[in-house]
Amino acid sequence: MNSQMIAEVIYDGFLAAIAAVGFAVISNPSREAVLVSALLAAIAHSLRFFLIKSGFDISIATFVASSMIGLLSILFAKIIHCPAEVFSFPSLLPMIPGLFAYRTILGLIKFMQNTNVLKSQGYMIDFVHNGLTTLFILLALVIGVSLPVLIFPRYSFKVTRKY
Amino acid sequence: MEIDLEQKSPSIEQVSDLLAEIACQLMTSGAHTMRIIQNISRMAKTFGYEINISVFQMSIMMTIAEYSNPTNRLTIVKKTKPLLLNFTHVSELSTLSWDTYDKRLNYQEIQSRFHEIVTRKRMAPLLVLFLVSLANASFCGLFKGDFPSMGLVFGATLIGFFVRQQMINRRINHLVIFTTSAFTASLIAGLGYIFQWGGTPQIALATSVLYLIPGVPLINSILDIIEGHILTGIARLVNASTLIVCIAIGLFLAMLILGLEKL
């Protein structure tokens with residue numbers, strides 16, 4: 001890992017933090033939750049960037065990153081007394097496969113419009129590839145973030161309790 | 001003295017109305033099904049009632065029965081309002097449900113705190129507009145867009161999200177809102193393609209509509225499916241997919257007008 005790589009990873013984390021803040025405020029969370037989600041997004045997204053750069057597949061990298069968010073969010077939920085999803089969901093938002101999602105639909109539109117068999121085969125492949133990528137990344141995100149809840153259910157639901 | 005006693009033990013109708021209202025508020029604010037069921041059951045237990053609840057996209061059904069006297073029971077159905085994400089509500093109502101359980105809050109206290117929570121003001125729209133635009137611009141950076149592209153995406157999002165906010169205020173159909181907003185943003189970002197601003201105009205166009213992607217409903221839907229609330233999960237998934245189709249249509253229209261073939 002050379003210095004240029006480190007700089008790229010930090011730049012990625014920085015941008016992800018800004019993105020998380022912006023996408024978080026749409027759902028109107030409290031101020032502490034916004035800050036925590038920015039921190040978690042920076043950690044997770046730069047981790048994912050690093051893993052992809054080191055040759056991992058995007059869905060596996062996403063799974064590792066979102067498990068990281070899941071574990072850390074239980075810790076932060078204990079500290080600021082609010083349900084984990086209030087800041088873990090916004091920190092997942094920069095990793096949501098939005099680009100793949102609407103490329104799936106665009107592929108479908110192109111497939112429908114095209115009459116050339118060879119070309120439309122290409123669009124069909126695009127459609128299936130983008131659609132499956134969307135699905136697998138989403139599954140990786142959600143299973144990863146709810147892993148702590150699935151493993152320690154009793155503990156996870158009590159973190160918002162103050163007494 | 002008697003009036004005082006009556007105030008302390010609310011009737012089954014009052015309790016069920018309050019709980020149904022809280023459940024609908026949680027659904028509107030974007031809580032997942034498991035959280036709604038747990039919060040509501042916890043509060044019902046404090047009042048000495050057992051609750052069975054089923055949560056759907058459009059309505060919430062619950063049967064509430066007294067522990068000490070199971071013949072005293074009531075079933076109500078309440079329509080939910082359209083989704084308007086508000087995580088402050090989710091977090092505060094969750095805290096309220098634990099406080100109810102731990103501090104044994106009475107009916108009046110819960111009701112006043114609930115009203116205080118739901119009437120709290122949202123973040124200033126202009127600040128949200130600015131932060132969302134900044135977020136989408138940095139999103140463009142995450143996809144390796146260069147600085148001119150990021151600036152272009154900032155401008156596109158600023159106008160696209162402003163259009164969305166204005167249309168939401170005028171209570172226009174949400175599918176129309178998503179299509180129009182995506183169309184506006186991608187039309188502006190597409191100008192970069194036409195005039196060749198910066199080295200990565202295709203990334204600017206592709207990321208200009210990403211602020212619209214319904215991330216929280218998508219996450220909620222998968223979470224519901226994992227936790228066994230499959231019907232609600234699928235309903236949320238279909239809802240989110242419909243919005244994504246609208247985004248794609250808006251983008252497609254803009255590309256058609258600008259004469260762009262590839263993305």
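1. Some details on the overall build of chain A
Then step 1. Each helix and strand counted, chain A has seven helices and zero strands in total.
Then step 2. Secondary structure of chain A in N-to-C order comes out as α-α-α-α-α-α-α.
Then step 3. With the principal axes as the frame, chain A shows a C-alpha extent of 65 × 40 × 30 Å.
Then step 4. Classification of the 163 residues of chain A by burial places 53% in the buried group.
Then step 5. Counted over contacts in chain A with a minimum sequence separation of 6, partners at least 24 positions apart contribute 73%.
Then step 6. Only carbon and sulfur atoms are counted for the fraction: they give 72% of the accessible area of chain A, which is about 7,500 Å².

2. Description of the nonpolar core
Then step 1. Of all hydrophobic cores here, the largest spans 116 residues; its most connected members are A:Tyr102, B:Leu19, B:Ile22, B:Ile40 and B:Met62.
Then step 2. Counting residues domain by domain, this core receives three or more from each of domain 1 (8-118) and domain 2 (125-258) of chain B.
Then step 3. Ignoring anything within four residues of it in the chain, the contact list for B:Leu19 reads B:Ile40, B:Met43, B:Ala44, B:Ile51, B:Met62 and B:Ile64.

3. Structural notes on the interface of chain B and chain A
Then step 1. Contacts between the two partners involve 57 residues from chain B, matched on the other side by 49 residues from chain A.
Then step 2. When the two sides are added together, the surface that chain B and chain A hide from each other amounts to roughly 4,900 Å², 74% of it contributed by carbon and sulfur.
Then step 3. Where chain B packs against chain A, one counts one salt bridge.
Then step 4. Between B:Arg35 and A:Glu85 there is a salt bridge, with its nearest N and O atoms 2.7 Å apart.
Then step 5. The interface formed by chain B and chain A includes nine residue pairs in polar contact (both at pLDDT 80 or more).
Then step 6. Ranked by residues supplied to the side of chain B that touches chain A, first place goes to helix H4 (residues 87-103) of chain B with eleven residues.

4. Points about the confidence of the model for chain B
Residues and elements named next belong to chain B.
Then step 1. Mean pLDDT over chain B works out to 89, with 96% of the residues at or above the 70 mark.
Then step 2. Summarising per-element confidence for chain B, the mean pLDDT is lowest in helix H1 (residues 2-8) (50) and highest in helix H7 (residues 147-169) (93).
Then step 3. Scored below 50 in pLDDT, residues 1-6 makes zero contacts in the model with residues more than four places away or belonging to other chains.

5. With respect to the sheet that holds strand E3 (residues 73-79) of chain B
Residues and elements named next belong to chain B.
Then step 1. Across the sheet, which stays open at both edges, the three strands sit in the order E1-E2-E3 with antiparallel pairing between neighbours. Looking at strand neighbours, the two that pair on one side only are strand E1 (49-55) and E3, the edges of this open sheet. On average, each strand axis in the sheet is inclined to that of its neighbour by 15°, with strand direction left out of account.
Then step 2. Inspection of the sheet shows strand E2 (residues 59-66) paired to E3 by seven bridges, in the antiparallel sense. Paired with Ala65 across the bridge in E3 is Arg73.

6. Section: a nonpolar patch on the surface
Then step 1. On the surface, A:Phe56, A:Ile60, A:Phe63, A:Val64, A:Leu71, A:Ile143, A:Leu150, A:Ile151, A:Phe152 and B:Ile226 cluster together into a nonpolar patch covering about 870 Å² of accessible area.
Then step 2. When residues of the nonpolar patch are traced back to their parent elements, those giving at least two are helix H3 (58-80) and helix H6 (117-151) of chain A.
Then step 3. With four residues, H3(A) is the largest single contributor of residues to the nonpolar patch.
Then step 4. The topology assignment puts A:Leu71 in helix H3.
Then step 5. On the basis of relative accessibility, which here comes to 55%, the residue A:Leu71 falls in the exposed class.

7. Considering the side chain of B:Thr232
Then step 1. Along the chain, the position of B:Thr232 falls in helix H11 (residues 230-258).
Then step 2. B:Thr232 has contacts with B:Met27, B:Thr33, B:Val55, B:Gln57 and B:Asp224, leaving out every residue within four places of it along the chain.

Conventions we followed
Residues numbered from 1 in each chain as written. Chains lettered and ligands numbered in written order. Predicted model: local features only at pLDDT ≥ 70, side-chain atom pairs only at ≥ 80, totals over all residues. Heavy atoms only, no water. Helix = DSSP H or I, 4+ residues; strand = E, 2+ residues; numbered from the N terminus. Buried < 20%, exposed > 50% of the residue type's maximum accessible area, 1.4 Å probe, protein only. Contact = heavy atoms within 4.5 Å. Areas by Shrake-Rupley, 256 points an atom, 1.4 Å probe, with all protein chains shown as cover. Core = buried A, V, L, I, M, F, W, Y, C linked by side-chain atoms within 4.5 Å. Domains from an automatic or database assignment. Buried area = accessible area lost by both parts, 1.4 Å probe. Salt bridge = Lys/Arg side-chain N within 4 Å of Asp/Glu carboxyl O. Polar contact = N/O pair within 3.5 Å; in protein donor to acceptor, adjacent residues only side chain to side chain. pLDDT = per-residue confidence, 0-100. Pairing = 2+ DSSP bridges. Axes fitted to C-alpha atoms, helices over the stretch in contact; angles between N-to-C directions. Patch = residues over 30% accessible without salt bridge, like charges linked within 9 Å, V, L, I, M, F, W, Y side chains within 5 Å.

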